[in-house]
Amino acid sequence: EYEIPLIKVGDKVDVEVPAISGKVFQGTIRSIDPVLDPVTRSVRVRAVLANPDGALKPEMYVNAALRIDLGEVLVVPEEAVFATGEKNIVFVAKPGGVFEPREVGLGAKSESYYEIKSGLGEGEEVVTGGNFLIDSESRLKAALQGMEGKGGSGHKHGQ
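Residues numbered from 1 in each chain as written. Predicted model: local features only at pLDDT ≥ 70, side-chain atom pairs only at ≥ 80, totals over all residues. Heavy atoms only, no water.

A. Expanded view of a nonpolar patch on the surface. Together, Leu-66, Ile-68, Leu-70, Val-73, Val-75 and Tyr-113 line one region of the surface with nonpolar side chains, adding up to about 420 Å² of accessible area. Inspection of the secondary structure assignment puts Val-73 in the loop between β4 (63-66) and β5 (75-77). Judged by relative accessible area, Val-73 falls into the partly exposed class, the value being 33%. (Patch = residues over 30% accessible without salt bridge, like charges linked within 9 Å, V, L, I, M, F, W, Y side chains within 5 Å. Areas by Shrake-Rupley, 256 points an atom, 1.4 Å probe, with all protein chains shown as cover. Salt bridge = Lys/Arg side-chain N within 4 Å of Asp/Glu carboxyl O. Helix = DSSP H or I, 4+ residues; strand = E, 2+ residues; numbered from the N terminus. Buried < 20%, exposed > 50% of the residue type's maximum accessible area, 1.4 Å probe, protein only.)

Okay, structure coming up:
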């Protein structure tokens with residue numbers, strides 16, 4: 001849904017068909033449905049493709065890629081973003097080996113990068129390696145804090 005404003009009639013599209021390895025079909029977007037599907041939160045886009053040898057068949061599954069110039073935007077590698085379900089978090093590296101968790105607003109995803117709309121400034125360093133360690137450590141700390149609030153024993157009684 002968030003990508004709909006990026007797509008325009010007349011844009012070029014590259015289509016790959018899993019059933020036909022190694023071939024890329026090129027086409028042009030001819031129409032964009034005016035109504036959003038409330039279940040899939042998507043819009044149907046129609047494209048016209050050249051199919052000179054008849055390889056494309058109705059109802060085939062395809063992967064379509066659009067190249068859209070987003071201009072110059074702030075991005076981070078996708079592995080730097082922790083999606084918690086409610087928030088998107090990055091860890092900003094601070095002096096002294098400290099990592100500050102920071103909520104960020106994400107924009108478009110392109111290749112292996114997310115556009116950052118809010119929460120991070122240009123030049124700030126984010127953690128991209130060792131995410132598993134940070135994630136595990138933060139979960140361990142949260143679990144330990146939860147145990148401290150239950151009488152300190154760490155055991156549940158009566159079950």
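B. Quick look at the pattern of salt bridges. Applying the stated criterion across every chain yields a total of 7 salt bridges. Salt-bridge contacts for Asp-14 lead to Arg-67; the nearest nitrogen and oxygen are separated by 4.0 Å. One end of the pair, Asp-14, is in strand β1 (residues 12-17); the other, Arg-67, is in the loop between β4 and β5, and 53 residues separate them in sequence. For Glu-115, the salt bridge is made with Lys-117, and the minimal N-O distance between the two is 3.5 Å. Judged by relative accessible area, Glu-115 falls into the buried class, the value being 10%. According to the relative accessible area criterion, Lys-117 is exposed, its value standing at 58%. The network of salt bridges with common partners includes Lys-94, Glu-100, Arg-102 and Glu-124.

C. Looking closely at the environment of Arg-44. Mapped onto the fold, Arg-44 is located in the loop between β2 (20-32) and β3 (45-49). Sequence separation between Arg-44 and Ser-31 is 13 residues, and the spatial gap between their C-alpha atoms is 8.6 Å. Residues in contact with Arg-44, not counting those within four places in the same chain, are Ser-31, Ile-32 and Asp-33. (Contact = heavy atoms within 4.5 Å.)

D. Summary view of the environment of Ile-4. In this structure, Ile-4 sits in the segment before β1. Residue Ile-4 is classed as partly exposed on the basis of its relative accessible area, which comes to 30%. Distance from Ile-4 to Arg-44, taken between C-alpha atoms, is 10.0 Å for residues 40 residues apart in sequence. The contacts of Ile-4, once residues within four sequence positions are left out, are Leu-36 and Val-43.

E. How the structure looks around the sheet that holds β2. Spatially, 4 strands are ordered β3-β2-β1-β4 in an open sheet, and the strand pairing comes out antiparallel. The sheet is open, and its two edges are formed by β3 and β4, each paired on a single side. Sheet twist, expressed as the average angle between the axes of neighbouring strands with direction ignored, equals 40°. Of the strand pairs in this sheet, β1 and β2 are connected by 6 bridges, and their pairing is antiparallel. Residue Val-15 lies in a different strand from β2, and its bridge partner there is Phe-25. (Pairing = 2+ DSSP bridges. Axes fitted to C-alpha atoms, helices over the stretch in contact; angles between N-to-C directions.)

F. A look at the pairing of strand β8 (residues 98-103). Across 6 bridges, the pairing between strand β7 (residues 88-94) and β8 is antiparallel. Residue Ala-93 lies in a different strand from β8, and its bridge partner there is Phe-99. Count of turn residues in the β7/β8 antiparallel hairpin: 3 residues, of which Gly-96 carries a positive phi of about 80°.

G. Structural view of unusual backbone geometry. Despite not being glycine, Arg-41 has its phi angle at roughly 55°, a positive value. The class of Arg-41 is partly exposed, set by a relative accessible area of 40%. The phi dihedral of Glu-59 falls on the positive side, at around 75°, and the residue is not glycine. Structurally, Glu-59 is set in the loop between β3 and β4.

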